[in-house]
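Each chain, written out:
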Number of protein chains: 6
Amino acid sequence: MSIVVQNIERADQSVIDELAKCGVATVHEAQGRKGLLASYMRPIFSGPSIAASAVTILAPPCDNWMVHVAIEQVQAGDILVLAVTSPSDAGYFGDLLATSMQARGGIGLIIDAGVRDIADLTKMNFPVWSKAICAQGTVKETLGSVNVPVVCAGELVNPGDVMIADDDGVCVVRRKDAQEVLAKAQTRLANEEEKRVRFEKGELGLDIYDMRGRLAEKGLKYD
Amino acid sequence: MSIVVQNIERADQSVIDELAKCGVATVHEAQGRKGLLASYMRPIFSGPSIAASAVTILAPPCDNWMVHVAIEQVQAGDILVLAVTSPSDAGYFGDLLATSMQARGGIGLIIDAGVRDIADLTKMNFPVWSKAICAQGTVKETLGSVNVPVVCAGELVNPGDVMIADDDGVCVVRRKDAQEVLAKAQTRLANEEEKRVRFEKGELGLDIYDMRGRLAEKGLKYD
Amino acid sequence: MSIVVQNIERADQSVIDELAKCGVATVHEAQGRKGLLASYMRPIFSGPSIAASAVTILAPPCDNWMVHVAIEQVQAGDILVLAVTSPSDAGYFGDLLATSMQARGGIGLIIDAGVRDIADLTKMNFPVWSKAICAQGTVKETLGSVNVPVVCAGELVNPGDVMIADDDGVCVVRRKDAQEVLAKAQTRLANEEEKRVRFEKGELGLDIYDMRGRLAEKGLKYD
Amino acid sequence: MSIVVQNIERADQSVIDELAKCGVATVHEAQGRKGLLASYMRPIFSGPSIAASAVTILAPPCDNWMVHVAIEQVQAGDILVLAVTSPSDAGYFGDLLATSMQARGGIGLIIDAGVRDIADLTKMNFPVWSKAICAQGTVKETLGSVNVPVVCAGELVNPGDVMIADDDGVCVVRRKDAQEVLAKAQTRLANEEEKRVRFEKGELGLDIYDMRGRLAEKGLKYD
Amino acid sequence: MSIVVQNIERADQSVIDELAKCGVATVHEAQGRKGLLASYMRPIFSGPSIAASAVTILAPPCDNWMVHVAIEQVQAGDILVLAVTSPSDAGYFGDLLATSMQARGGIGLIIDAGVRDIADLTKMNFPVWSKAICAQGTVKETLGSVNVPVVCAGELVNPGDVMIADDDGVCVVRRKDAQEVLAKAQTRLANEEEKRVRFEKGELGLDIYDMRGRLAEKGLKYD
Amino acid sequence: MSIVVQNIERADQSVIDELAKCGVATVHEAQGRKGLLASYMRPIFSGPSIAASAVTILAPPCDNWMVHVAIEQVQAGDILVLAVTSPSDAGYFGDLLATSMQARGGIGLIIDAGVRDIADLTKMNFPVWSKAICAQGTVKETLGSVNVPVVCAGELVNPGDVMIADDDGVCVVRRKDAQEVLAKAQTRLANEEEKRVRFEKGELGLDIYDMRGRLAEKGLKYD
């Protein structure tokens, strides 16, 4: 059955905004190394570092009809997360849809398929993380669903989950865990800053993390 | 048999120049969604958006002898399109050959194999769409052919066909269809501009394309 | 057995510095077309062109413990070369380790696995050539070795070998061959400059390299 | 947190047994074309066609410790479904573990990683669907979890879900849907039998499915 | 435009039957090393060695409607050759369509996409060479064409061309060249038989092909 | 420089023969989990389990000239190990070369490229582990070397090293280590037999390997 779920819960926007500052690698560590989408998901241009609530799309191969349906469900600050029912590298999304997204306050796209109009999307500063870049268009023949749980690039994403995305890739945080993960991430960042100062002075990780004893115990030999 | 066809027909240059402005995604749509090379063909640097007549090369694996032969056949505004008889990621082409191409007015390369001297080619603003980047050089031992029909990255390319290439990939237009495809592409662009204005104002694709009735008819439910 | 070899020989730094100017493609040719790492090894940002002595790491999958051990062995001008005992795209290396490397004079990383903190590494101008970009972190549970011969991206690398890396990829030169390879590379460069001038004037490779006779002999036909 | 859930619900065994007879392609169709694992999941030998309740494992890369933990949770007729927290092709499972599985009534393995001892597993008639075959062993250093929801080869699998697997691949059916999906699958099979008789007589799908009118309407031309 | 070409020319059946006996590797050599489909095209079971006239299909991604249309065009001894307009690994073809093919005398399928019902197709001894095995079904929504030239797995195939397929892969021979290629292939086979006798006796290729002089001339050293 | 090393040392044949009985997985473990070739190396038919001394070949892409040179160096019981200087999936080896190998007592081929005549090689019971199956032939234009150290599928292989190969893949054992590795492998096998008996009785790995305490200590919870 094809369905559009219209009312989804979102995490607190202030939490989302702070998660954006933490970045994917830190958030992924902070929540116990889970939620990372497959490493083939790459940004179409370098630089963006965002966090946003997921409006999810489950789409048939080479059919972007549901993207139009989904955009109506987008609120300011949301991101589209598109999963497919069969692998496809076709270009589901281009500059017109990005214009529509921006007009409604949507801030990006995460898509386990292809995207096109790269030059325009870059000029518009509309970030996309995708599996492929491909000029091949899609049809509007078969229904899918909007705001149902999907598996995108190997990870389960529920509508309203928080997506963190930057040059390192994409990570999903469960909506209910967002506050707690943020706290842990911020602790990590503070801790990293302290470490960075010591590294800059030339101290070694071997000493900062007190590894020498355990290495010797495991049997590491120096020659 | 190895052969070099010296006299090939080209499309009208003014048509080619206008096709360059349309871009790959639009041209591909305009000609009925055909002619797109495989999405693994990527530009070595972002930005270029070109159209040019194909001088085709059928080359043995790891052997770039025919590139030298082909350059003699290049006229101002042409692009080389290299296909291989067996898959290879070797670097068939570098800055010296690009210098030769530019000296003769050639404007780029589309190659279903590897290319090298990326930093120099970027400085020279010589665009290449390739399957791989690889410093591995090639030999000059085995003949191939120039200006014969080839299959490059999954698409048939005839000498004199028009290649459109930009950040979205590469598309081939049959020489005889170029004028007609251009007309259709320009119509699409005009149409898209009109749509863009409506999207910018916040109108939805659901309404712009009048999709709601058909979606309901197909059984889409809202919850 | 896990071992850290502490005293390795390095090539002369002036030779290394000159090799950096030659670039990967030229060096690879100059040493008889060997030593090129697999073409999936890509720079995380464009532009760097370096040469450095290899401090090698043999690491377990998803375990970056040995990176800390290796950094202690790094001298000014060195580069880390990390090979894995089983394929992994995890992010073994990020901005803190890069800070540590830079504090000790290390100038880069070549890794047959993943790397993360791409935005920070780019800001720090710390070049990395990797198989993958991935925010997935690693553990510190299992020993590996430092400064043993490793196979990285399909090529044997000994500690102290000279790594050349730029936008074209990565090439390894045996420490003992460095001087001789440099001489050959410089000869090639001089030779290429001379050729470039002729190409710029519009001369063809067919004539510069005197190919027409041999092509005819092999049976190439013009139509 | 690492956890082992000990009491999971399973579908009715008689339903599972009947699903095995339907096969993956039919079950996948019957439940609305969802639940199919990625097509890179291949059987290590041809022939097996099974259905079983999933005992799920979430395992670290190159670490099979949790397999031992999971086998204790296996009941007669169950199958192990192993997902990884980071991609790995290492061989997590071999003939000893298969012996242990068979001793406890376990009937197979579905693993989004590697398996080894292929010759022995084949002799034992112990079916495995895997992403890779690899002699590389694993360690027992890091915890994972057993009987938690996992994403295996792109699909969400809950403990107790029914896995259908044959030469076509692997499909997951939600435990609660098993009865209903079976009914639909059996209807499809009956329907297919009827169709098969007509096809054997030489009737065309064009007529059996009454397609000619709709094809003409869509604009198909005969030449 | 979608079109079905109903009258295609075929090569002489006796020539086709003899080509089947020559095998792919020999035919590929005999026609000058061209026409080989990409090596990812693999048989679903070992053993078949066939030759047949191509009935071609150009199909949309995940849509097998045109297969039904094409089967009506199949004559005894023909093979279906399916190319897609966008990459897909979906299962376009299963046991019912194979039943229909066999009822009409069709002898196999070559498909640059997926196939399913492997166990049944094997029992029916219906050979398929495909890019993927996948239980994912397809829809019947979008038109394609039948008996137009297509690019399948990297090679141009015209309707009526002769497809040779065995455990080594798939090769296409132009209809008009079939007779001539057969003659050359048979000559090669005879020649190979003679060579085989000499190899069996322990003679070396170095002597049989008189290579020692040329090797020395090229500079091969023995140590 | 191209060279053929004629006198290589081999491990003791009785040791080699015993290693064959141990299998790849066991040998790989026994020598400390090193020496395993990449998992893309697959047997062309199931069943063979062999060990043999390596006669190595370093070959140019798509050029099998050196195979002929190498066969002259083969002694009874040897195996060819072919590495390439640039990736290729071409078919370097077929039934005539296999005939030549068998005539001289050679027992197989390990090739980081393609092979052809699969049906014949299977009938001849000539085992091959390859990266690809491909009917594409090769040329005889460019020299390589025989019996030099090569990197094959990611592992260093020296002439005279012992190759172990079976359905699990391929492993290399240094010639000098062969005796010692055999002893360790045999110990492992004996140990495994003992374990197998316990597993067959239904004992769990958790108890056989006494894992429960350490799991609890690491924090595993049961629910």
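Residues numbered from 1 in each chain as written. Chains lettered and ligands numbered in written order. Predicted model: local features only at pLDDT ≥ 70, side-chain atom pairs only at ≥ 80, totals over all residues. Heavy atoms only, no water.

1. Quick look at the overall build of chain A
Along its length, chain A carries eight helices and twelve strands. If you line up chain A on its principal axes, its C-alpha atoms span 65 × 40 × 35 Å. Here chain A, with 223 residues, has 64% of them falling under the buried criterion. Contacts spanning at least 24 positions in sequence make up 74% of the contacts within chain A whose residues lie at least 6 apart. (Helix = DSSP H or I, 4+ residues; strand = E, 2+ residues; numbered from the N terminus. Buried < 20%, exposed > 50% of the residue type's maximum accessible area, 1.4 Å probe, protein only. Contact = heavy atoms within 4.5 Å.)

2. Notes on the side chain of serine 100 of chain D
Of note, serine 100 of chain D is situated in helix α4 (residues 95–103). Residues within four places of serine 100 of chain D in sequence aside, it is in contact with Ile71 of chain D together with Phe199 and Glu203 of chain F.

3. A closer look at the interface of chain A and chain B
Residue-level contacts link 35 residues of chain A with 31 residues of chain B. Summing both sides of the interface, chain A and chain B together bury roughly 3,000 Å²; the carbon and sulfur share of this comes to 59%. For chain A, the biggest contributors to the area lost against chain B are Trp65, His68 and Leu96 of chain A; these three give 20% of the whole. The tally of links between chain A and chain B comes to four salt bridges. (Buried area = accessible area lost by both parts, 1.4 Å probe. Salt bridge = Lys/Arg side-chain N within 4 Å of Asp/Glu carboxyl O.)

4. Considering helix α1 (residues 13–22) of chain D
Residues and elements named next belong to chain D. Those residues of α1 lying buried are Val15, Ile16, Leu19, Ala20 and Cys22. Burial along α1 is one-sided: seen end-on, the buried residues are contained in an arc of 155 degrees. Tucked into the core, α1 has its buried residues touching α2 (24–30), β3 (50–59), β10 (162–166) and α6 (178–200). Downstream of α1 by a residue or two, glycine 23 has a phi angle that is positive, lying close to 85 degrees. (Arc of directions from axis to C-beta.)

5. Description of the relation of the copies chain A and chain B
Superposing chain A onto chain B takes a rotation of 120 degrees plus a shift of 0.0 Å along the axis, which leaves an RMSD of 0.0 Å. Viewed as a symmetry operation, the transformation between the two copies matches a three-fold axis. (Least-squares fit on C-alpha atoms with pLDDT ≥ 70 in both.)

6. Some thoughts on the interface of chain C and chain B
Residue-level contacts link 31 residues of chain C with 35 residues of chain B. The three residues of chain C that bury the most area against chain B are Asp168, Phe199 and Asp223 of chain C, which together make up 19% of that side's buried surface. There are four salt bridges connecting chain C and chain B. Notably, a salt bridge pairs aspartate 95 of chain B with arginine 196 of chain C, separated by 2.8 Å at the nearest N-O pair. Listed by contribution, the elements that provide at least two residues to the side of chain C that touches chain B are α2 (24–30), α6 (178–200), α7 (205–208), α8 (212–218) and β12 (221–222) of chain C. Ranked by the residues each element gives to the side of chain C that touches chain B, the list is headed by α6 of chain C, at five residues. Bridging between strand β1 (residues 3–4) of chain B and β12 of chain C involves two bridges; their strand directions are parallel. Counted as the bridge partner of isoleucine 3 of chain B is lysine 221 of chain C from β12 of chain C. (Pairing = 2+ DSSP bridges.)

7. Observations concerning unusual backbone geometry
A positive phi angle, near 55 degrees, is found at arginine 33 of chain B, a position not held by glycine. Relative to the helices and strands, arginine 33 of chain B resides in the loop between α2 (24–30) and β2 (42–43). With a relative accessible area of 25%, arginine 33 of chain B lands in the partly exposed category. One non-glycine residue, asparagine 125 of chain C, adopts positive backbone phi at about 55 degrees.

8. Some details on the pattern of salt bridges
Should the charged atoms of two oppositely charged side chains come close, the side chains can pair. For the structure shown, the criterion picks out 96 salt bridges over all chains. A salt bridge links lysine 218 of chain E to glutamate 141 of chain B, with the nearest nitrogen and oxygen atoms 3.7 Å apart. One end of the pair, lysine 218 of chain E, is in helix α8 (residues 212–218); the other, glutamate 141 of chain B, is in the loop between β6 (128–133) and β7 (145–146), on a second chain. What makes glutamate 141 of chain B buried here is its relative accessible area of 18%.

9. A look at the arrangement of the chains
Separated throughout, chain B and chain D approach each other most closely at a C-alpha pair spaced 14 Å apart. For the non-touching pair chain A and chain F, the nearest C-alpha separation works out to 14 Å.

10. Some details on the packing of α1 of chain D against α6 of chain D
Residue and element names in this part refer to chain D. Here α1 crosses α6 at 35 degrees, and the two axes come no closer than 10 Å. For the pair α1 and α6, the sense of crossing is left-handed. Where α1 approaches α6, its residues Val15, Glu18, Leu19, Lys21 and Cys22 are matched on the opposing element by Ala178, Gln179, Val181, Leu182, Ala185, Gln186 and Leu189. A class-by-class count of the residues in the contact of α1 with α6 yields eight nonpolar, two polar and two charged. (Axes fitted to C-alpha atoms, helices over the stretch in contact; angles between N-to-C directions. Left-handed = near helix turned anticlockwise from the far one by under 90°. Nonpolar A, V, L, I, M, F, W, Y, C, P; charged D, E, K, R; others polar.)

11. Observations regarding the environment of serine 145 of chain D
Residue and element names in this part refer to chain D. Of note, serine 145 is situated in strand β7 (residues 145–146). Linking serine 145 and proline 87, residues 58 residues apart in sequence, is a C-alpha distance of 17 Å. Each residue touching serine 145, except ones within four places of it in the same chain, is listed here: Met1, Ser2, Ile3, Thr56, Ile57, Leu58 and Met66. A polar atom in the side chain of serine 145 sits 3.0 Å from the backbone nitrogen of isoleucine 3. (Polar contact = N/O pair within 3.5 Å; in protein donor to acceptor, adjacent residues only side chain to side chain.)

12. A word on the packing of aromatic side chains
Here the distance between the centres and the angle between the planes together describe a pair of aromatic rings. Residue and element names in this part refer to chain D. The final tally for this structure, using the stated rule, is twelve aromatic pairs over all chains. Ring geometry for phenylalanine 93 and phenylalanine 126: centres 5.5 Å apart, planes at 15 degrees, overall stacked. Of the two residues, phenylalanine 93 is situated in the loop between β4 (78–84) and α4 and phenylalanine 126 in the loop between α5 (118–123) and β6 (128–133); the sequence distance between them amounts to 33 residues. In terms of burial, phenylalanine 93 and phenylalanine 126 fall into one category: buried. When the ring centre of tyrosine 40 is taken as reference, the NZ or CZ atom of lysine 131 above it lies at 5.9 Å. (Phe/Tyr/Trp six-rings, centres within 6.5 Å; stacked < 30°, edge-to-face > 60°. Lys NZ or Arg CZ within 6 Å of the ring centre and 35° of its normal.)

13. Section: the packing of helix α4 (residues 95–103) of chain A against helix α6 (residues 178–200) of chain B
It is at 8 Å that the axes of α4 of chain A and α6 of chain B come closest, and there the two elements cross at 15 degrees. When the interaxial angle is binned, α4 of chain A and α6 of chain B end up roughly parallel. When the axes of α4 of chain A and α6 of chain B are compared, the crossing they make is right-handed. Of α6 of chain B, the residues touching α4 of chain A (which contributes Asp95, Leu96, Thr99, Ser100 and Ala103 of chain A) are Glu192, Lys195, Arg196, Phe199 and Glu200 of chain B. The residue inventory of the contact of α4 of chain A with α6 of chain B, partitioned by class, reads three nonpolar, two polar and five charged. (Parallel < 35°, antiparallel > 145°, perpendicular 65-115°, else oblique.)

14. Looking at the pairing of strand β6 (residues 128–133) of chain F
Residue and element names in this part refer to chain F. Of all six residues in β6, five are buried; the element is thus mostly enclosed. The sheet contact formed by strand β2 (residues 42–43) and β6 spans two bridges and is antiparallel. Paired with arginine 42 across the strands is serine 130, a residue of β6. Sheet topology places strand β5 (residues 109–115) next to β6; five bridges connect them, and they run parallel. Across the sheet, the residue bridging to isoleucine 110 is tryptophan 129, located in β6. Note on the crossover from β5 through helix α5 (residues 118–123) to β6: the handedness is right-handed. (Right-handed = clockwise from strand over helix to strand, strands pointing away.)

15. Comments concerning the environment of alanine 70 of chain D
All names here are of chain D. Structurally, alanine 70 can be placed in helix α3 (residues 65–71). Separated by 13 residues in sequence, alanine 70 and isoleucine 57 place their C-alpha atoms 6.8 Å apart. Ignoring any residue separated from it by four or fewer positions in sequence, one finds alanine 70 in contact with Val55, Ile57, Leu80 and Val146.

16. Structural notes on the state of the cysteines
For the coordinates displayed, the defined rule picks out zero disulfides over all chains. No disulfide involves cysteine 62 of chain C; its sulfur sits 7.0 Å from that of cysteine 62 of chain D, the nearest cysteine. Distance from the sulfur of cysteine 171 of chain E, which forms no disulfide, to the nearest cysteine sulfur (cysteine 134 of chain F) is 10 Å. Assessed through its relative accessible area of 0%, cysteine 171 of chain E is described here as buried. (Disulfide = S-S within 2.5 Å.)

17. Overview of the confidence of the model for chain A
Residues at a pLDDT of 70 or more form 100% of chain A, whose mean pLDDT is 96. Across the interface, the model reports ipTM at 0.94; the global pTM reads 0.96. (pLDDT = per-residue confidence, 0-100.)

18. Some remarks on helix α4 (residues 95–103) of chain B
α4 of chain B sits mainly inside the fold: seven of its nine residues count as buried. Residues of α4 of chain B that are buried include every one of Asp95, Leu96, Leu97, Ala98, Thr99, Ser100 and Met101 of chain B, and no others. Elements in contact with the buried residues of α4 of chain B: α3 (65–71), β4 (78–84), β5 (108–115) and α5 (118–123) of chain B together with α6 of chain C. Positive backbone phi, approximately 90 degrees, marks glycine 105 of chain B, located one or two places after α4 of chain B.

19. Details of the side chain of asparagine 147 of chain A
Residues and elements named next belong to chain A. Relative to the elements of secondary structure, asparagine 147 occurs in the loop between β7 (145–146) and β8 (150–152). A distance of 3.0 Å separates a polar atom in the side chain of asparagine 147 from the backbone oxygen of valine 5. Look past the residues within four positions of asparagine 147 in its chain and what remains in contact with it is Val5, Ile8, Ala54, Val55, Thr56, Gln73 and Pro159.

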